[in-house]
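So the chains spell out like this:
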Amino acid sequence: MRGNSISGGVPWPGENIKGLMSWGYGPYGQLGYPVIMSAGSDRVQTLPREVETLTGKKLNSISCGSYISGAVLDNGDVVVWGRAKAPAQLNTGNCLLLGIGSEVDQTMPQPLSLSSAPPTPSSSTGAGSSSLSHHSSSSSSSSSSVSLTAFGSPVVQLSMGVYHSAIVLEDGRLLTWGYGGNGQLGHGNRENREVPTPVEFFIKHVRK
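Residues numbered from 1 in each chain as written. Predicted model: local features only at pLDDT ≥ 70, side-chain atom pairs only at ≥ 80, totals over all residues. Heavy atoms only, no water.

Side note on the overall build of the protein
And then number 1: The number of helices and strands found in the protein is 2 helices and 12 strands.
And then number 2: Going from the N terminus to the C terminus, the protein shows its helices and strands as β-β-β-β-β-β-β-β-α-β-β-β-β-α.
And then number 3: For the protein, the proportion of its 208 residues judged to be buried stands at 45%.
And then number 4: Excluding contacts between residues fewer than 6 apart, the proportion of contacts in the protein whose partners are at least 24 apart in sequence is 44%.
And then number 5: As presented, the protein carries roughly 10,300 Å² of accessible surface, and 51% of it is formed by carbon and sulfur atoms. (Helix = DSSP H or I, 4+ residues; strand = E, 2+ residues; numbered from the N terminus. Buried < 20%, exposed > 50% of the residue type's maximum accessible area, 1.4 Å probe, protein only. Contact = heavy atoms within 4.5 Å. Areas by Shrake-Rupley, 256 points an atom, 1.4 Å probe, with all protein chains shown as cover.)

Below you can see the structure in the form of structure tokens.
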């Protein structure tokens, strides 16, 4: 997987590295493209394959959870993809994992924003169409989404977990979303969050 760093924090040498490749288990879209099930197959990609939606885009970092993945673009915006909801048998309530308010698995990267409508499914397979073609590499955003840089500060760190995730903004704020049943989101309660929500503690203690 190419970028300035890969999940695990290992720097990638050189500059102007663009694009992303992924492989492995991908039934929920967490590889960034649809993996077609064939005879004897379990929707596994055994060779590195390019995530075409991110072709030509420079990435600062990527993060991979069990069912969800994400990347920080060079302008400080974030894209996410993969499983939309936690499994019902876990009794997590209506727990949305991607932070974009969608209940549909996303097989292509989608912009993470604070006030965008959920992506519209493009087919019966449950994969939403990517809006990255309208998502500029600058800090401006399309009419369908408000980028995190427009919120006030670019993203400098992204961590995609199994059922909850977090981003750190350049100004020091922390935002979390996903399953909060054990208080892991840091909001002083055990509620789930569908979209990135600022952790008040760090707003109060952030370095000015």
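Describing the sheet that holds strand β6 (residues 68-73)
And then number 1: The antiparallel open sheet is built from 4 strands, whose spatial order is β5-β6-β7-β8. Both edges of this open sheet fall to β5 (59-64) and β8 (106-111), since each of them pairs with a single strand only. Each neighbouring strand pair of the sheet contributes to a mean axis angle of 15°, computed without reference to strand direction.
And then number 2: Of the pairings in the sheet, the one linking β6 to strand β7 (residues 78-82) comprises 5 bridges and is antiparallel in character. Counted as the bridge partner of Ser 69 is Trp 81 from β7. (Pairing = 2+ DSSP bridges. Axes fitted to C-alpha atoms, helices over the stretch in contact; angles between N-to-C directions.)

A look at the environment of Ile 203
And then number 1: Position of Ile 203 relative to the elements: it lies in helix α2 (residues 200-205).
And then number 2: Using a relative accessible area of 31% as the deciding quantity, one classes Ile 203 as partly exposed.
And then number 3: Separated by 31 residues in the primary sequence, Ile 203 and Gly 172 have C-alpha atoms spaced 8.0 Å apart.
And then number 4: Among all residues touching Ile 203, those that are not within four sequence positions of it are Arg 173 and Pro 198.

Topic: the environment of Glu 194
And then number 1: Tracing the backbone shows Glu 194 in strand β12 (residues 193-198).
And then number 2: Take Glu 194: its relative accessible area is 39%, and that puts it in the partly exposed class.
And then number 3: Once residues lying within four places of it in the same chain are set aside, the contact partners of Glu 194 are Asn 94, Leu 96, Gly 99, Ile 100 and Gly 101.

Quick notes on the sheet that holds strand β10 (residues 164-169)
And then number 1: The strand order across the open sheet built from 4 strands is β9-β10-β11-β12, with neighbouring strands paired in antiparallel fashion. This sheet does not close on itself; its edge strands, each paired only once, are β9 (155-160) and β12. Sheet twist, expressed as the average angle between the axes of neighbouring strands with direction ignored, equals 15°.
And then number 2: Alignment of strand β11 (residues 174-178) against β12, held across 3 bridges, turns out to be antiparallel. Within β12, the position partnered with Leu 175 by the bridge is Pro 198.

What to know about the nonpolar core
And then number 1: Among the nonpolar cores identified, the biggest contains 19 residues, and Val 78, Val 80, Leu 112, Leu 158 and Ile 167 are the most heavily contacted of them.
And then number 2: Elements with a contribution of two residues or more to this core: β6, β7, β9, β10 and β11.
And then number 3: Formed by 12 residues, the second largest nonpolar core is a distinct cluster that contains Leu 31, Val 35, Ala 71 and Trp 81. (Core = buried A, V, L, I, M, F, W, Y, C linked by side-chain atoms within 4.5 Å.)

Observations regarding unusual backbone geometry
And then number 1: With a phi close to 55°, Asn 91 is a non-glycine residue in the positive phi region.
And then number 2: Here Asn 91 is to be found in the loop between β7 and β8.

Quick look at the pattern of salt bridges
And then number 1: This structure, assessed with the given rule, holds 2 salt bridges.
And then number 2: Of the charged contacts, one joins Lys 85 and Glu 103 as a salt bridge, the two residues approaching to 3.9 Å between their closest N and O atoms. A residue pair is termed long-range when its members are at least 10 positions apart, and Lys 85 in the loop between β7 and β8 and Glu 103 in the loop between β7 and β8 qualify at 18 residues.
And then number 3: By relative accessible area, Lys 85 is classed as partly exposed at 30%.
And then number 4: Exposure remark for Glu 103: the relative accessible area of 47% places this residue in the partly exposed category. (Salt bridge = Lys/Arg side-chain N within 4 Å of Asp/Glu carboxyl O.)

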